[in-house]
Amino acid sequence: MSWVDSSLNGQVIALQLKAERAELIAGNIANSDTPNYKSRDIDFRTEFERRISSEAGGALRQTSSLHMAPEGARSSHVEYKEDGAGEDGNTVEAEREQTLYTKNAIQYQVSLQFLNSKIRGLKLALKGE
Amino acid sequence: MSLESVFGVGQSALTAQTYRLNVIAENLANAEVAAGSPEEAYKGQYPVFKSVFSEIDGSMAMKVAVDGTVSDERAPRSSYEPGNPIADANGFVYKSNVNSVQEMASMMEASRSYQTNIEVMNTAKDLLMRTLTIGQQ
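Heads up: these notes are all about the structure in this document. (Residues numbered from 1 in each chain as written. Chains lettered and ligands numbered in written order. Predicted model: local features only at pLDDT ≥ 70, side-chain atom pairs only at ≥ 80, totals over all residues. Heavy atoms only, no water.)

Of regular secondary structure, chain A possesses three helices and two strands. From first element to last, N terminus to C terminus, chain A shows the α and β order α-β-α-β-α. Expressed as a percentage of its 129 residues, the buried residues of chain A come to 38%. Here the contacts in chain A between residues at least 6 apart in sequence split such that 75% fall between residues at least 24 apart. On chain A, roughly 7,600 Å² of surface is accessible, and the fraction owed to carbon and sulfur atoms is 55%. (Helix = DSSP H or I, 4+ residues; strand = E, 2+ residues; numbered from the N terminus. Buried < 20%, exposed > 50% of the residue type's maximum accessible area, 1.4 Å probe, protein only. Contact = heavy atoms within 4.5 Å. Areas by Shrake-Rupley, 256 points an atom, 1.4 Å probe, with all protein chains shown as cover.)

Moving on, we come to the sheet that holds strand S4 (residues 77–80) of chain B. Residue and element names in this part refer to chain B. Spatial ordering of the open sheet is given by S1-S5-S4, a layout of three strands whose pairing is antiparallel. Pairing within the sheet leaves two strands with one partner each, and these edge strands are strand S1 (34–35) and S4. Bridge analysis of S4 against strand S5 (residues 92–95) gives four bridges, and the strand direction is antiparallel. Its bridge partner lying in S5, Arg77 is registered against Lys95. (Pairing = 2+ DSSP bridges.)

What follows is about a nonpolar patch on the surface. A cluster of nonpolar residues, Ile106, Val110 and Phe114 of chain A, forms a patch on the protein surface that exposes about 280 Å² of accessible area. Relative to the elements of secondary structure, Phe114 of chain A occurs in helix H3 (residues 94–127). (Patch = residues over 30% accessible without salt bridge, like charges linked within 9 Å, V, L, I, M, F, W, Y side chains within 5 Å. Salt bridge = Lys/Arg side-chain N within 4 Å of Asp/Glu carboxyl O.)

A word on the packing of helix H1 (residues 5–29) of chain B against helix H2 (residues 100–132) of chain B. All names here are of chain B. Interaxial distance between H1 and H2 falls to 9 Å at its minimum, and their mutual angle equals 160°. Here H2 runs roughly antiparallel to H1, going by the angle between their axes. In this structure, the crossing between H1 and H2 has a hand that is left-handed. Looking at side-chain class alone, the contact of H1 with H2 contains 16 nonpolar, nine polar and four charged residues. (Axes fitted to C-alpha atoms, helices over the stretch in contact; angles between N-to-C directions. Parallel < 35°, antiparallel > 145°, perpendicular 65-115°, else oblique. Left-handed = near helix turned anticlockwise from the far one by under 90°. Nonpolar A, V, L, I, M, F, W, Y, C, P; charged D, E, K, R; others polar.)

Turning next to the environment of Met60 of chain B. Within the element layout of this structure, Met60 of chain B appears in the loop between strand S2 (45–53) and strand S3 (62–71). Taking the C-alpha atoms as reference points, Met60 of chain B and Arg112 of chain B, 52 residues apart in sequence, are found 25 Å from one another.

Our next topic: the interface of chain B and chain A. Facing the 35 residues of chain B at the interface are 31 residues of chain A. For the pair chain B and chain A, the summed buried surface comes to about 2,600 Å²; carbon and sulfur atoms form 61% of the total. The salt bridge partner of Arg20 of chain B is Asp33 of chain A, with a shortest N-O separation of 3.0 Å. Put simply, the parts of the chain that give the side of chain B that touches chain A at least two residues each are H1, S2, S3 and H2 of chain B. Sort the elements by how many residues they give to the side of chain B that touches chain A and H2 of chain B lands first, with ten residues. Residues belonging to the side of chain B that touches chain A are distributed by class as follows: 16 nonpolar, 14 polar and five charged. (Buried area = accessible area lost by both parts, 1.4 Å probe.)

All right, on to the pattern of salt bridges then. Under the defined criterion, the tally for this structure stands at 13 salt bridges over all chains. Put simply, Arg45 of chain A and Glu49 of chain A hold a salt bridge, and the shortest N to O gap is 3.9 Å. Taken together, the residues span about one helical turn, with Arg45 of chain A and Glu49 of chain A both in helix H2 (residues 44–55) at a distance of four residues. We classify Arg45 of chain A as exposed; its relative accessible area is 60%. Among the residues examined, Glu49 of chain A registers a relative accessible area of 45% and is labelled partly exposed. Each of Glu32, Arg77, Glu81 and Lys95 of chain B takes part in one network of salt bridges that share partners.

Let us now look at the packing of aromatic side chains. Residues and elements named next belong to chain A. Per the counting criterion, the structure on display carries two aromatic pairs over all chains. A centroid spacing of 5.7 Å and a plane angle of 15° characterise the contact between Phe44 and Phe48, whose relative ring orientation is stacked. With Phe44 and Phe48 both in helix H2 and four residues apart, the pair spans about one turn of that helix. A relative accessible area of 25% places Phe44 in the partly exposed class. (Phe/Tyr/Trp six-rings, centres within 6.5 Å; stacked < 30°, edge-to-face > 60°.)

Now for the pairing of S5 of chain B. Bridge count between S1 of chain B and S5 of chain B: two bridges; the pairing is antiparallel. From the neighbouring strand, Ala35 of chain B faces S5 of chain B, where its bridge partner is Tyr94 of chain B.

This is how it looks when you write it as structure tokens:
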């Protein structure tokens with residue numbers, strides 16, 4: 001892994017995770033009227049730490065296409081919300097999901113901002129002005 | 001990039017809510033239709049949604065789809081109208097079991113849901129547009 005990779009890696013993983021969360025929460029909002037639907041989410045901190053450690057080589061790696069994929073190496077661990085089910089067994093609370101979605105969108109932009117400053121820093125270092 | 005699948009999810013929700021609005025319009029339109037027997041009276045229809053999981057592109061998105069409609073099996077409203085040509089032997093006609101107030105509330109819910117999903121897609125669009133300009137400033 002080159003030094004450019006390693007300096008950007010954390011922010012890139014954070015961005016990916018936030019995009020995944022946006023997708024999950026959008027699914028929750030879309031399914032707010034689906035009977036028996038359980039609200040889904042990922043825990044950012046645990047997922048982030050898991051990805052960071054697997055990228056750093058701490059986890060199993062596939063060195064041949066014949067190898068089995070290590071359990072859950074790519075896909076995130078999705079958690080289901082079981083409490084607060086209404087009469088139809090749906091656990092989506094629309095207001096809560098909307099707040100989560102907005103919060104996540106802001107956090108995504110924060111990550112973008114950080115990534116941009118990193119790139120700017122790298123450019124500056126390369127130019128040496 | 002998984003932000004793109006937000007559009008797929010949002011679009012599925014828009015389709016589902018549109019379907020729901022259609023069914024509600026149908027119910028409201030037929031609310032006052034009279035029939036000569038309880039069996040012939042219009043029965044309120046209710047859409048049932050289901051979630052669809054497609055893992056084709058490795059996305060974890062849960063889309064929504066219409067599973068079908070169920071009809072309201074409550075008894076129709078009977079109304080005494082002996083002058084009505086389709087009234088039965090006792091002078092009754094039978095009107096739908098649609099509760100207009102309930103339908104109106106359901107309609108507002110559907111339209112709110114629609115708006116929310118559009119908002120979700122707009123936010124995803126903004127985020128993607130910003131992502132495209134990474135490293136340009």
